[in-house]
Amino acid sequence: MRPLTDEETKTMFEKLSKYIGENIKLLIDRPDGTYCFRLHNDRVYYMSEKILKLATNISRDKLVSVGTCFGKFTKTQKFRLHITALDFLAPYAKFKVWVKPGSEQSFLYGNHVMKSGLGRITENTAQYQGVVVYSMADVPLGFGVAAKTTQECRKVDPMSIVVFHQADIGEYIRSEDTLT
Amino acid sequence: SCSVEDVLAKAERDEAEKLKGITVSKELDLEFDPGNLLAFDKNRIDTREFKDSKREDFLRSLARDNTQLLINEIWKLPTERVEEVIVAKLPDPTTLLPREKPAPKPKPPTKWEQFAKLKGIQKKKKTNLVWDEVHKEWKRRWGYKRAKDDTKEWLIEVPVNADPNEDQFAKRNKAKKERVARNEYNRLKNIARAQKIKVPGMGLAPTPQQSKAELAQAVNIAKISTASVGKFQDNLPKEKTPKNTGKKRKFQPLIGDFSSEKQKQLDLLKVMDSKKPRLDITKAVNKQMREEDMESRKKNKKDFGKKGQRGKMSGKGRKPQMKQGKR
């Protein structure tokens, strides 16, 4: 386990800011305790300092996971955000997409969101903006990337993709082994 | 009856006896080198005397005679008294003794000597003492209490472009130590070159038997010891370029100062924000969209009767997160 280097922190923040913008500050500077990011086996974990201090007592090879895993760095140092970060992305999300009950299931199986399944979308969403996907009952389902701007979404035909799927909570069951 | 004649005769006989002891008659006189306590006898030896029975006696008498002559020679030298003992002062030896050890081989020239020969630089004889104007006395040119020793200055002016907190005295001392160390290193290198001692390069073990890892390291060092730091060195047929030849990375401590870590991250965010361009693109796109909508609305107004206004609404002036109308 080690702290992130400057480049790694930058890459990660860039990725996070795609979804939550400047609200990253609220993750770093929390009123209810000092939380930090640490890297272990190429995965980034977000934990309080209390947990960190306890985790130092476990040997490197035996330590599986600490706190919440936000994502991992690939071999080429690109940062990939995992579904486990949803709890922290959802409350601070800047651009949200609501999915109709009918196509919730489809999204949770890993499919992209089509115009026909789109319930609501925040105004002024840019194309390829990171968005958090909610159900109509405001339950966060996952996150993705907006395929079209809000304006465009109104014009396109119902079978075209409006949100590219990136992660959904169905992954907890589908890819149980790979998530830490 | 003791008469005077008898006594005189006896004395004479005793003298003769003594003289016989110390006089030795030889055909050829011996050559002496009292400095080396050496007597050189060139007289012929009668081979008849060398028969088995008479040999020992002959050799003994010969040795006795020659030693007697040598000691006679020593008695002729000037004497002095050293701690109540009469000692003869030996002159310098005259015989040239051959060398004990072989003559030294000429040493190969040092790097400087080679360079001087190449450039044709002659050695200039310099005086050992130099007049020191400041102290008004003659001082050595080099060595202990020399004339111009810059480490012994009591006042050093700080140069204009130097760091004001730098210790100039320590700087001079350090420079001197480095010069001394370099001189010593070069001297040893000259010796190694002269005696053809193999000196390993930087960072290699001076052992005759090297392990596989050490040899690999030596190969790598040799490979990068070119002017282009090994960039254009081809690999051998089955050689692989080593990949982890960089410095080991150093990371921050795991539980460092949390507040400083936080601050660093916040600063990073600030920098990132300042670098992000403001939402020009989206604004431009939205503006374009609105314009297109306006145009299409105008068009629809013209064909008012045809199909009625479709649910195309512009975003401006409306509440955000509005529902999309069905087509």
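Residues numbered from 1 in each chain as written. Chains lettered and ligands numbered in written order. Predicted model: local features only at pLDDT ≥ 70, side-chain atom pairs only at ≥ 80, totals over all residues. Heavy atoms only, no water.

In the nomenclature of an unreviewed UniProt entry, chain B corresponds to Ribosome biogenesis regulatory protein from the organism Cyprinus carpio carpio. Its UniProt record gives chain B the following Function (unreviewed entry) comment, quoted word for word: "Involved in ribosomal large subunit assembly." Regarding chain B, the UniProt comment filed under Sequence similarities (unreviewed entry) reads as follows: "Belongs to the RRS1 family." (UniProt positions renumbered as here; feature names shortened; annotations may be inferred.)

Chain A has the name 60S ribosome subunit biogenesis protein NIP7 homolog in an unreviewed UniProt entry, where Cyprinus carpio carpio is given as its organism. Regarding chain A, the UniProt comment filed under Function (unreviewed entry) reads as follows: "Required for proper 34S pre-rRNA processing and 60S ribosome subunit assembly."

(A) Fine view of the interface of chain B and chain A. Facing the 28 residues of chain B at the interface are 39 residues of chain A. Together chain B and chain A conceal approximately 3,200 Å² of surface at their shared face, both sides included; 63% is due to carbon and sulfur atoms. At the boundary of chain B and chain A, one finds 3 salt bridges. The salt bridge involving Glu261 of chain B is made with Arg38 of chain A; its shortest N-O contact spans 2.9 Å. (Contact = heavy atoms within 4.5 Å. Buried area = accessible area lost by both parts, 1.4 Å probe. Salt bridge = Lys/Arg side-chain N within 4 Å of Asp/Glu carboxyl O.)

(B) Representation of the nonpolar core in the model. Residues and elements named next belong to chain A. Counting residues in hydrophobic clusters, the biggest one holds 35 residues, and the most contacted among them are Met12, Phe13, Val44, Phe70, Leu89 and Phe143. Non-local contacts of Val44, meaning those with residues more than four positions away in its chain, are made with Leu4, Met12, Phe37, Arg38, Leu39, Thr68, Cys69, Phe70, Gly71, Lys72, Phe73 and Phe79. Counting 14 residues, the second largest nonpolar core, distinct from the first, contains Val99, Leu118, Ile121 and Val131. (Core = buried A, V, L, I, M, F, W, Y, C linked by side-chain atoms within 4.5 Å. Buried < 20%, exposed > 50% of the residue type's maximum accessible area, 1.4 Å probe, protein only.)

(C) Geometry of the packing of aromatic side chains. Residues and elements named next belong to chain A. Per the stated rule, a full pass over the model turns up 12 aromatic pairs over all chains. Centroid distance Tyr46 to Phe88: 5.0 Å. Interplanar angle 80°. Geometry classified as edge-to-face. Highlighted residues: Tyr46 in strand 2 (residues 43–48) and Phe88 in helix 4 (residues 86–89), separated in sequence by 42 residues. Across the pair, Phe88 and Tyr46 agree in class, each one buried. An aromatic cluster is built from Phe13, Tyr35, Phe37, Tyr46, Phe70 and Phe88, whose rings are joined through pairwise contacts. Between Arg30 and the ring centre of Tyr35, over which it is positioned, the NZ or CZ distance is 3.8 Å. (Phe/Tyr/Trp six-rings, centres within 6.5 Å; stacked < 30°, edge-to-face > 60°. Helix = DSSP H or I, 4+ residues; strand = E, 2+ residues; numbered from the N terminus. Lys NZ or Arg CZ within 6 Å of the ring centre and 35° of its normal.)

(D) Quick look at the confidence of the model for chain B. Looking at chain B, the pLDDT average stands at 83 and 88% of residues meet or exceed 70. What the predictor reports for the complex is a pTM of 0.50 with an ipTM of 0.87. (pLDDT = per-residue confidence, 0-100.)

(E) Highlighting the sheet that holds strand 3 (residues 68–73) of chain A. Residue and element names in this part refer to chain A. Overall, antiparallel pairing links the 4 strands, which are arranged 1-2-3-4 in an open sheet. Looking at strand neighbours, the two that pair on one side only are strand 1 (35–40) and strand 4 (79–81), the edges of this open sheet. On average, each strand axis in the sheet is inclined to that of its neighbour by 30°, with strand direction left out of account. Here strand 2 pairs with strand 3 via 4 bridges, running antiparallel. Pairing of Val44 across the sheet is with Gly71, part of strand 3. Packing against the sheet, helix 1 (residues 6–20) makes contact with strand 1, strand 2, strand 3 and strand 4, and its axis sits at approximately 35° to strand 4. (Pairing = 2+ DSSP bridges. Axes fitted to C-alpha atoms, helices over the stretch in contact; angles between N-to-C directions.)

(F) Examining helix 4 (residues 168–194) of chain B more closely. Residues and elements named next belong to chain B. With 27 residues, helix 4 extends 39 Å from end C-alpha to end C-alpha; this agrees with the ideal 39 Å at 1.5 Å per step. Buried residues of helix 4: Gln168, Asn190 and Ala192, and no others. On its buried face, helix 4 sits against helix 3 (111–119). Capping the start of helix 4 is the job of one residue whose side-chain oxygen sits 3.3 Å from the backbone nitrogen of Phe169: Asp167. Looking one or two places after helix 4, you find Lys196, whose phi comes out positive at around 55°. (Expected span 1.5 Å × (residues − 1). Polar contact = N/O pair within 3.5 Å; in protein donor to acceptor, adjacent residues only side chain to side chain.)

(G) Focus on unusual backbone geometry. The backbone phi angle of Asp42 of chain A is positive, close to 70°, even though this residue is not glycine. Turning to its location among the elements, Asp42 of chain A is positioned in the loop between strand 1 and strand 2. The phi dihedral of Lys136 of chain B falls on the positive side, at around 55°, and the residue is not glycine. Among the secondary structure elements, Lys136 of chain B is positioned in the loop between strand 5 (129–132) and strand 6 (137–140).

(H) Inspection of the packing of helix 1 of chain A against helix 6 (residues 258–275) of chain B at higher detail. It is the contact of helix 1 of chain A with helix 6 of chain B, at a shortest axis distance of 11 Å, that shows an interaxial angle of 60°. Taken as axis vectors, helix 1 of chain A and helix 6 of chain B run oblique relative to one another. At the point where helix 1 of chain A passes helix 6 of chain B, the crossing takes the right-handed sense. Residues Asp6, Thr9, Lys10, Phe13, Glu14 and Ser17 of chain A of helix 1 of chain A pack against Lys264, Gln265, Leu268, Leu269 and Met272 of chain B of helix 6 of chain B. Split by residue class, the contact of helix 1 of chain A with helix 6 of chain B holds 4 nonpolar, 3 polar and 4 charged. (Parallel < 35°, antiparallel > 145°, perpendicular 65-115°, else oblique. Left-handed = near helix turned anticlockwise from the far one by under 90°. Nonpolar A, V, L, I, M, F, W, Y, C, P; charged D, E, K, R; others polar.)

(I) Highlighting the pairing of strand 10 (residues 161–168) of chain A. All names here are of chain A. Relative to strand 10, strand 6 (residues 113–114) is paired through 2 bridges, and the arrangement is antiparallel. Among the inter-strand pairings, Met114 is bridged to a residue of strand 10, identified as Ile161. Strand direction decides the pairing type here: strand 9 (residues 140–146) and strand 10, joined by 5 bridges, are antiparallel. Counted as the bridge partner of Ala146 is Val163 from strand 10.

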